[in-house]
Amino acid sequence: MFEVRIHGRGGQGVVTAAELLSVAAFLEGRHAQAFPSFGSERTGAPVVAYCRIADKPIRTREPIVAPDALIVQDPTLLHQVAVFEGLRPDGYLLINSAKPVAELDIAEVTGRLRAERLLVVPATQLAQRILGRPVPNAVLLGGIAAASGVVSVGSVTAAIRERFSGSIAERNVAAAEEAFTFVQNEIREMAHA
């Protein structure tokens, strides 16, 4: 089973991201579940959503405490909430930030993760440019597809098109595909460094 925990703030599409990731897995013939965890249900409040992907039925329903992948949609949460709690040493960490990892002051995590699995994507900037709104969820799904390979970018874009229509769908697809390419290039550069 591959478990993903997504941290963000209300209004950033955290719950939608988990749902889209689960639909992408379903489209590949796999089993998946997605569910949120809310504290205060208001725009800007911290929100956590979970997604499990497996090749056989998923029986567990508990929150994910030891994720294989962690997506942080809002970098202001890095030092406000225990976002890194339980992240496996071989896990993937994808952070929405225009700053490089070295400038995020997260040495407690960088020292225990493999460099090619610790990635930043300027998701808010990409979303603003492509979507006209600073909603990073589709962007980061393209990024996690490239980083982990848990689902294909084609399945992510198909899930987006299933959920949305018209220009909204196509702009989100373009954002996810651009992030997929961005992350692939980042991983390639690290391999050659």
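Residues numbered from 1 in each chain as written. Predicted model: local features only at pLDDT ≥ 70, side-chain atom pairs only at ≥ 80, totals over all residues. Heavy atoms only, no water.

Draft legend 1. Examining the packing of aromatic side chains more closely. Across all of its chains, the model carries 2 aromatic pairs by this definition. Judged by centre distance (6.3 Å) and plane angle (50°), the ring pair of phenylalanine 2 and tyrosine 92 falls under tilted. Taken together, the positions of phenylalanine 2 in strand E1 (residues 2–9) and tyrosine 92 in strand E5 (residues 92–96) put the pair 90 residues apart, joining distant regions of the chain. Of the residues examined, phenylalanine 2 reaches a relative accessible area of 15% and is grouped as buried. (Phe/Tyr/Trp six-rings, centres within 6.5 Å; stacked < 30°, edge-to-face > 60°. Helix = DSSP H or I, 4+ residues; strand = E, 2+ residues; numbered from the N terminus. Buried < 20%, exposed > 50% of the residue type's maximum accessible area, 1.4 Å probe, protein only.)

Draft legend 2. How the structure looks around the nonpolar core. The biggest cluster of nonpolar side chains holds 47 residues, and the ones touching the most others in it are Val121 and Val151. Setting aside residues up to four positions removed in sequence, valine 151 forms contacts with Leu21, Ala24, Ala25, Glu28, Ile53, Ala145 and Val156. Counting 15 residues, the second-largest nonpolar core is a separate cluster that includes Val83, Leu93, Leu118 and Val120. (Core = buried A, V, L, I, M, F, W, Y, C linked by side-chain atoms within 4.5 Å. Contact = heavy atoms within 4.5 Å.)

Draft legend 3. Broad picture of the pairing of E1. Burial of E1 is extensive: 8 of the 8 residues sit out of reach of the surface. Because side chains alternate across E1, one face comprises the buried residues Phe2, Val4, Ile6 and Gly8, and the other comprises Glu3, Arg5, His7 and Arg9, equally buried. In the sheet, E1 pairs with strand E3 (residues 46–54) via 8 bridges, with the strands oriented antiparallel. Following the sheet pairing, glycine 8 is matched in E3 by valine 47. (Pairing = 2+ DSSP bridges.)

Draft legend 4. Examining helix H4 (residues 137–148) more closely. Between its first and last C-alpha atoms H4 spans 16 Å; for 12 residues at 1.5 Å apiece the expected length is 16 Å, and the two agree. Most of H4 is tucked away, with 12 of its 12 residues classed as buried. Three or more residues of H4 are buried, namely Asn137, Ala138, Val139, Leu140, Leu141, Gly142, Gly143, Ile144, Ala145, Ala146, Ala147 and Ser148. Of the residues flanking the end of H4, it is glycine 149, one or two places downstream, whose phi is positive at about 70°. (Expected span 1.5 Å × (residues − 1).)

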